[in-house]
Amino acid sequence: MTKIVYKHIHLENSHTLAVYKSVGGYQALEKALTLSGDDIIDEVKRSGIRGRGGAGFPAGLKWSFIPKDDRAKYLVCNADEGEPGTCKDRDIMRYVPHQLIEGMVIAGYAVRAERGYIYIRGEFYREAERLQAAIDEAYAAGYLGNNVMGRGVRFDLAVHRGGGAYVCGEETGLIESLEGKKGQPRLKPPFPANIGLYGGPTVINNVETLTSVPDIILNGGAWYSALGVEKSSGTKVFAVSGHVNKPGNYEVELGIPLKVLLEEYAGGVRGGWDNLKGVIPGGASSPVFTKAVCETVTMDYDAIAKAGSMLGSGAVIVLDRSVCIVRAIARLSRFYRHESCGQCSPCREGTGWLSQIMQRIEQGKGVRGDIDLLLSVASNIQGKTICALGDAAAMPVAGAIRAFREEFEYHIEHGRCMVA
Amino acid sequence: MSELQKSSSGVPPRFSEEAMRQVGVIFQRYPAERRESAVMPVLHLAQREFGGWLSQEALDYVAEVVGMPPMRVYEVATFYTMYNLKPVGKYHVQVCTNISCWLCASDEIVRALQSRLQLSFGESSQDGRFTLSEVECLGACVNAPMMQINDDYHENLTPAKVSEIIDQLP
């Protein structure tokens, strides 16, 4: 199967400029600099690549929204990888940082941004060191700076470490944080494409998205769009964690059946396929699938949405039959309560309520009516907050009740787990 | 806002010459008129320089260095979990208990750490060597369960491996 972002990660010293150049590194940039910005944007549009961070917005379209005015423009790479279950970008940054840098220089040139930032989660200290070392190499070799590859193009790039706040993965929370403030998301509109970092037009893309750009430029958008399936073109890294025999990051073409991903790539479900209870298909905030759905669903944006969940960041969390779904969701609810930035009342208060109710059900102190109460709180959060964190807190709860309602009922009635 | 703690040493925190050089490097990453963007990296640096945590004096000093009102620095320092606002041990052991780690038996890792270090979450050892914290997902889920000690991740843990890692700390 074709690989793009991970194709070089197994090479020795793949993080160095020398190795990256030996496999054709920075040739895409050389080609890009002979094209116009609009040509590059058209190529990326043609590829059909959608944002790999979670929202799945078409990247080329996002770039095309950048106005052609005289304001300073910015390119920001969202490397705040914080959605529980997700660890795909980490391997890109520590193993092929130059491929990300090359993608960023191309993107910056295309939208006429002369300054870029990689906002990396603060805990990734070693990964930030790797990125910085690669950036230093790229400056020394003339791939960054005020005269990129001698073509008179300017692009400066810096790493900015976060401070341990999940909400900064939300793009406007990230911008606030990058400006030296609390990471509380902004009301949209205006969208970052018009008013983003320092009030300037800003493109924000995920690590995996930007790292895919060099191959799109070298091989063409049509080549990329032939990978995967319709409306979900290209490859995607799925971080498969939990109860599989070979957890890992697997880059595959979109549209692969979930069952194939688990059985053929991730070594199979612990204890065999029939021991599967369910799968959270796209990170902690995506509603859980029952085994019945896992039998047939394919891993692309539309198929997963149609089945009632979302592809999200591509974090596939596998639960076997030993898992108490109430306890699992209670843990997630505690997470969202901890990470709510406190700005919007429905989220600040609602995540607290969800967590407390989940906690009491889990502890055997649930009361009749708690399920309806959970659903009511969830629906009072969803769609009523500035950013998606509220939705992210509500969806797993409502989704788990939809899929495993009898377990919640059992827990409330008997004061303990339905599973042994 | 959580209470800010005063430094007990009585010595006003000051960056070394080398640290000031690093501050200069940090400032260069942002447009000159956007100096406040440097507050997070300078706070990270201050925490490393001043013994792993940020006293109110340290925050005031960062405010002075970056050139922003102290209150704005307090806002930032209290919003992000990585800024320690009270002293931590030489080794800050942070164990993830979020979903992927929990599915891979992080409960056992927590028990092993608590019994090995004789600490509950949020506590520091009296000799100043260890602080134990429970943290949210650190993004190493395919290598669960995991913990972070200072700058380094330790992955694919077992209770035995935890003891070994703790024993080998200098």
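About the cut-offs
- Residues numbered from 1 in each chain as written.
- Chains lettered and ligands numbered in written order.
- Predicted model: local features only at pLDDT ≥ 70, side-chain atom pairs only at ≥ 80, totals over all residues.
- Heavy atoms only, no water.
- Helix = DSSP H or I, 4+ residues; strand = E, 2+ residues; numbered from the N terminus.
- Rg over C-alpha atoms; globule rule 2.2 N^0.38 Å.
- Buried < 20%, exposed > 50% of the residue type's maximum accessible area, 1.4 Å probe, protein only.
- Contact = heavy atoms within 4.5 Å.
- Areas by Shrake-Rupley, 256 points an atom, 1.4 Å probe, with all protein chains shown as cover.
- Domains from an automatic or database assignment.
- Buried area = accessible area lost by both parts, 1.4 Å probe.
- Salt bridge = Lys/Arg side-chain N within 4 Å of Asp/Glu carboxyl O.
- Polar contact = N/O pair within 3.5 Å; in protein donor to acceptor, adjacent residues only side chain to side chain.
- Nonpolar A, V, L, I, M, F, W, Y, C, P; charged D, E, K, R; others polar.
- Pairing = 2+ DSSP bridges.
- Axes fitted to C-alpha atoms, helices over the stretch in contact; angles between N-to-C directions.
- 1 Å grid on protein atoms, 1.4 Å probe; cavity = no way out; pocket = protein on both sides within 12 Å on 5 of 7 lines; lining within 4 Å.
- Points joined across faces, edges and corners; volume = space filled by probe spheres on them.

Visitor: So, the overall build of chain A: which residues are in play, and what are the values?
Guide: The number of helices and strands found in chain A is 17 helices and 14 strands. At 22 Å, chain A has a C-alpha radius of gyration in line with the 22 Å of a compact globule built from 420 residues. Overall, the C-alpha framework of chain A stretches about 70 × 45 × 35 Å when taken along its three principal axes. Across the 420 residues of chain A, 62% fall into the buried class. Sequence separation of at least 24 residues holds for 69% of the intrachain contacts in chain A that already meet a minimum separation of 6. Per element, the accessible surface of chain A, about 14800 Å² overall, is 50% carbon and sulfur.

Visitor: Before we move on, could you go through unusual backbone geometry and cite the residues and values that matter?
Guide: Excluding glycine, residues mostly have negative phi values, and the peptide bonds linking residues are mostly trans. The residue after A:Lys188, namely A:Pro189, is reached through a cis peptide bond having omega -5°. Examined against the element boundaries, A:Pro189 turns out to sit in the loop between helix H8 (171–178) and strand E5 (202–206). Here B:Ala144 and B:Pro145 are connected by a cis peptide whose omega angle stands at -5°. On the secondary structure map, B:Pro145 appears in the loop between strand E2 (130–135) and strand E3 (147–149).

Visitor: Talk me through the domain arrangement of chain A; I want residue IDs and the actual numbers.
Guide: Residues and elements named next belong to chain A. By the assigned domains, chain A splits into domain 1 (17–226), domain 2 (232–320) and domain 3 (325–414). Here domain 1 and domain 3 have C-alpha centroids that lie 35 Å from each other. Opposite the 11 residues of domain 1 that make contact, domain 3 presents 10 residues. Each partner contributes to the roughly 880 Å² buried at the junction of domain 1 and domain 3, and carbon and sulfur atoms together form 68% of this total. Of all residues in domain 1, Tyr166, Gln184 and Pro185 bury the most surface against domain 3, accounting for 52% of the area lost on that side. Linking domain 1 with domain 3 are 0 salt bridges, by the criterion used here. One can count 3 residue pairs in polar contact (both at pLDDT 80 or more) joining domain 1 with domain 3. By residue class, the composition of the side of domain 1 that touches domain 3 is 6 nonpolar, 2 polar and 3 charged.

Visitor: I'd like a rundown of the sheet that holds strand E1 (residues 91–96) of chain B, residues and numbers included.
Guide: Residue and element names in this part refer to chain B. Taken together, the 4 strands give an open sheet; going across it, the order is E2-E1-E3-E4, and neighbouring strands pair in mixed fashion. In the strand order of this sheet, the two ends are held by E2 and strand E4 (152–154), each with one partner. Direction aside, neighbouring strands of the sheet carry axes that sit 25° apart on average. Pairing of E1 with E3 involves 3 bridges; the strand directions are antiparallel. Bridge assignment links Gln94 to a residue of E3, and that residue is Gln148. Here helix H7 (residues 159–167) sits on the sheet in contact with E1, E2, E3 and E4, set at roughly 5° to E3.

Visitor: Run through empty space enclosed by the protein, naming residues and quoting values.
Guide: Under the criterion given, the structure shown has 2 cavities of 30 Å³ or more. Counted as a void, the largest cavity has a volume near 60 Å³. Taken together, 13 residues make up the lining of the largest cavity; nearest its centre are A:Cys341, A:Cys344, A:Cys347, A:Cys387 and A:Leu389. Here the lining of the second largest cavity takes 3 residues from helix H5 (residues 99–103) of chain B, the largest share from any one element. Classifying every residue of the lining of the second largest cavity gives 8 nonpolar, 4 polar and no charged.

Visitor: Quick rundown of the side chain of B:Asp151? Include the residues and the values.
Guide: Summarising the element assignment, B:Asp151 is placed in the loop between E3 and E4. Assessed through its relative accessible area of 18%, B:Asp151 is described here as buried. Residues contacting B:Asp151, with those up to four places away along its chain left out, are A:Tyr125, A:Arg126 and B:Arg48.

Visitor: Please give an account of the sheet that holds strand E4 (residues 153–161) of chain A that cites residues and values.
Guide: Residues and elements named next belong to chain A. On the basis of which strands lie adjacent, the open sheet formed by 5 strands has the order E3-E4-E2-E1-E5 and mixed pairing. Two strands bound the open sheet, and with one partner strand each, they are strand E3 (145–148) and E5. Between one strand and the next, the sheet's axes are offset by a mean angle of 25°, whatever the strand orientation. Alignment of E3 against E4, held across 2 bridges, turns out to be antiparallel. Note on E4: the bridge partner recorded for Val148 is Val153. Sheet strands touched by helix H7 (residues 125–140): strand E2 (115–120), E3 and E4. Its angle to E4, the strand with the most contacts, is close to 165°. The sheet contacts of helix H9 (residues 207–219) involve strand E1 (74–79) and E5, and relative to E5 the element is tilted by about 95°.

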